[in-house]
Amino acid sequence: MEKLRDQTSVPAELELTRRLVSAKQPTVVAPFQKERVLARLAAQKRGSRPARRLRPAGVLAAIAVLGLFSVASAMIGRALWRRLHAHSAATVSSERARAATEPSSAVQPAPSSPPATAPAATAEPSEAPKHAHVHRPSRPAVEARPAKEEPAPAAPPAPAATPSPDTNDGESALLAQAIAALRRAHDPNRTLGLVDTYLAKYPHGTLLEEALALGIEAARTGSPAQARAFAQRYLALFPTGRYANEARHILSLSQ
Amino acid sequence: MPSLDLGSSSDALTPAKAAERLAFESVYSEWFGQVVRWLPAMGIRSADVEDVAQEMFLIVDRKLSSFSGGSMGAWLYAIALRVSNNHRRLAWVRSMIFRPAEDPVFDERAGATPEVDWERKQLAQLADEVLRGMSEKHRRAFVLFEIEGYDGSEIAELESIPLATVWTRIHHARKDFAARAEKLKAQGLVK
């Protein structure tokens with residue numbers, strides 16, 4: 001292949017190309033260029049670089065760009081921080097608001113609650129909400145609000161929060177209250193009251209065995225006679241039950 | 001030519017280091033002229049050729065001991081290509097902050113009249129514009145062959161490619177260059 005500039009005649013479509021190429025001269029090493037680069041190399045190796053001429057407008061533009069970038073980054077970061085903070089604050093406040101509204105909403109169904117649960121609720125009004133199957137995000141908020149907004153215990157929230165025994169799950173709810181009164185509140189009298197209520201309402205309930213066992217446990221310290229009565233009834237109904245040994249033990253103590 | 005004093009004067013040269021320095025000086029002396037011709041083909045402006053050459057020979061000085069034989073030209077060409085690519089990538093930053101170097105005087109054609117010189121400069125600038133739009137491979141092959149005067153086999157050795165590939169690249173580069181030049185002509189930029 002022959003170089004364009006060496007060709008005597010070229011096709012018409014390459015004529016302009018040849019003119020442009022011919023205008024470009026081959027690179028030649030300028031006088032002292034080799035020595036100049038060598039000297040700069042040596043200077044660079046020694047650590048001294050020739051100072052380059054700065055373009056003031058360019059430097060200012062670079063500083064301005066960096067400044068703008070910094071400011072923009074700071075603003076974006078601040079906005080993100082505020083948004084995050086506002087979101088978390090909103091979450092907390094909404095949870096508090098929910099917690100605050102729960103007791104008041106629980107008051108509404110109070111009149112319809114059966115009288116059977118009322119004594120238990122009045123005996124320990126602050127305990128009842130704990131057993132209700134209601135979502136509580138934070139305990140302090142729940143306990144603080146009713147005390148502040150409802151100083152008079154005219155409308156105790158406990159009966160409302162207590163699931164009604166008339167409902168389908170009333171049987172288990174009633175027994176759950178009795179268990180909680182014994183385990184958490186350490187109130188065996190209330191437990192015995194609730195167990196009596198259960199036995200009266202559900203004499204053939206599905207949780208009868210558990211109710212009798214709970215009655216034995218609640219009565220064993222305070223009223224041994226009642227404990228024996230529960231034990232006898234338990235062994236009569238469930239002679240091979242899970243708590244039969246415990247019942248027998250109670251009976252053997254009394255002999 | 002001054003000798004390259006790359007170490008401090010107080011350094012005592014071991015025979016091995018002295019040999020290395022001598023080797024670098026001979027490489028520099030032999031290949032500087034070639035490197036200066038390659039760089040425009042790699043898209044380096046004539047005003048930046050010295051900077052890039054300096055940067056490149058600094059790397060050569062550092063890596064000469066690791067040269068494992070073969071074609072010294074191809075080895076140097078590969079280094080020049082990498083340095084040129086890096087230089088072009090950061091060219092816009094440098095152009096924004098630093099003043100552009102003045103055009104070297106050796107680029108002028110001696111003895112040309114002002115009119116002829118002006119017309120030649122115009123055409124050369126248009127040629128540069130066309131070359132800037134071409135692909136890297138085509139531009140390198142085209143500039144080395146058509147402008148710098150290398151022959152096909154020399155380009156093949158530098159690029160480490162078969163000779164047929166060089167001819168193919170030059171063929172396509174000519175067509176590409178002609179098409180781009182015709183566009184300039186259609187815009188009235190060249191008669």
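Structure's up top.
Residues numbered from 1 in each chain as written. Chains lettered and ligands numbered in written order. Predicted model: local features only at pLDDT ≥ 70, side-chain atom pairs only at ≥ 80, totals over all residues. Heavy atoms only, no water.

Participant: It is not clear to me how the interface of chain A and chain B should be interpreted in this structure. Could you clarify?
Facilitator: Quoted interface sizes are often the accessible area lost when the parts come together. With 41 residues of chain A at the interface, the matching set in chain B holds 56 residues. Note on chain A versus chain B: buried area summed over both sides is about 4,900 Å², and carbon and sulfur give 62% of it. Linking chain A with chain B are 4 salt bridges. Counting the contacts that link chain A with chain B gives 14 residue pairs in polar contact (both at pLDDT 80 or more). Broken down by secondary-structure element, the contributors of at least two residues to the side of chain A that touches chain B are helix H1 (12-23), helix H2 (33-46) and helix H3 (56-107) of chain A. In terms of residue count, H2 of chain A provides more of the side of chain A that touches chain B than any other element does, 12 residues in total. (Contact = heavy atoms within 4.5 Å. Buried area = accessible area lost by both parts, 1.4 Å probe. Salt bridge = Lys/Arg side-chain N within 4 Å of Asp/Glu carboxyl O. Polar contact = N/O pair within 3.5 Å; in protein donor to acceptor, adjacent residues only side chain to side chain. Helix = DSSP H or I, 4+ residues; strand = E, 2+ residues; numbered from the N terminus.)

Participant: Can you walk me through the packing of helix H9 (residues 188-201) of chain A against helix H11 (residues 224-237) of chain A in this structure?
Facilitator: Pairs of packed helices are described in terms of their axes, by the angle between the two and the distance that separates them. All names here are of chain A. Packing of H9 against H11 leaves a shortest axis separation of 13 Å and a crossing angle of 35°. At the point where H9 passes H11, the crossing takes the left-handed sense. Contacts between H9 and H11 pair Leu-192, Val-195, Asp-196 and Leu-199 from the former with Gln-226, Phe-230 and Arg-233 from the latter. Broken down by class, the residue content of the contact of H9 with H11 amounts to 4 nonpolar, 1 polar and 2 charged. (Axes fitted to C-alpha atoms, helices over the stretch in contact; angles between N-to-C directions. Left-handed = near helix turned anticlockwise from the far one by under 90°. Nonpolar A, V, L, I, M, F, W, Y, C, P; charged D, E, K, R; others polar.)

Participant: Is there a simple way to think about unusual backbone geometry in this case?
Facilitator: Across the chain, the bulk of peptide bonds are trans and the bulk of non-glycine residues have phi less than zero. The backbone of His-186 of chain A sits at a positive phi, close to 50°, despite the residue not being glycine. Secondary-structure assignment places His-186 of chain A in the loop between helix H8 (170-183) and H9. What makes His-186 of chain A exposed here is its relative accessible area of 60%. Its identity is not glycine, yet Ser-160 of chain B carries a phi of approximately 55°, on the positive side. Structurally, the position occupied by Ser-160 of chain B is in the loop between helix H7 (152-159) and helix H8 (163-186). Among the residues examined, Ser-160 of chain B registers a relative accessible area of 58% and is labelled exposed. (Buried < 20%, exposed > 50% of the residue type's maximum accessible area, 1.4 Å probe, protein only.)

Participant: Would you take a moment to explain helix H6 (residues 136-147) of chain B for this structure?
Facilitator: Since the α-helix advances by 3.6 residues per turn, residues separated by three or four positions end up pointing in the same direction. With 12 residues, H6 of chain B extends 15 Å between its outermost C-alpha atoms, agreeing within 8% with the 16 Å of an ideal straight helix rising 1.5 Å per residue. The complete set of buried residues in H6 of chain B reads Arg-139, Arg-140, Ala-141, Phe-142, Val-143, Leu-144, Phe-145, Glu-146 and Ile-147 of chain B. (Expected span 1.5 Å × (residues − 1).)

Participant: I tried to follow the pattern of salt bridges on my own but got confused; where do I start?
Facilitator: A side chain with one charge can pair with a side chain of the opposite charge if their charged atoms come near. Tallied over the full model, the rule gives 17 salt bridges over all chains. A salt bridge links Glu-50 of chain B to Arg-36 of chain A; the nearest nitrogen and oxygen atoms lie 2.3 Å apart. Residue Glu-50 of chain B is found in helix H2 (residues 49-63), and its partner Arg-36 of chain A is found in helix H2; the two belong to separate chains. Residue Arg-36 of chain A is classed as partly exposed on the basis of its relative accessible area of 38%. A single salt-bridge network, built from bridges that share partners, covers Arg-88, Glu-136, Arg-139, Arg-140, Glu-159 and Arg-169 of chain B.

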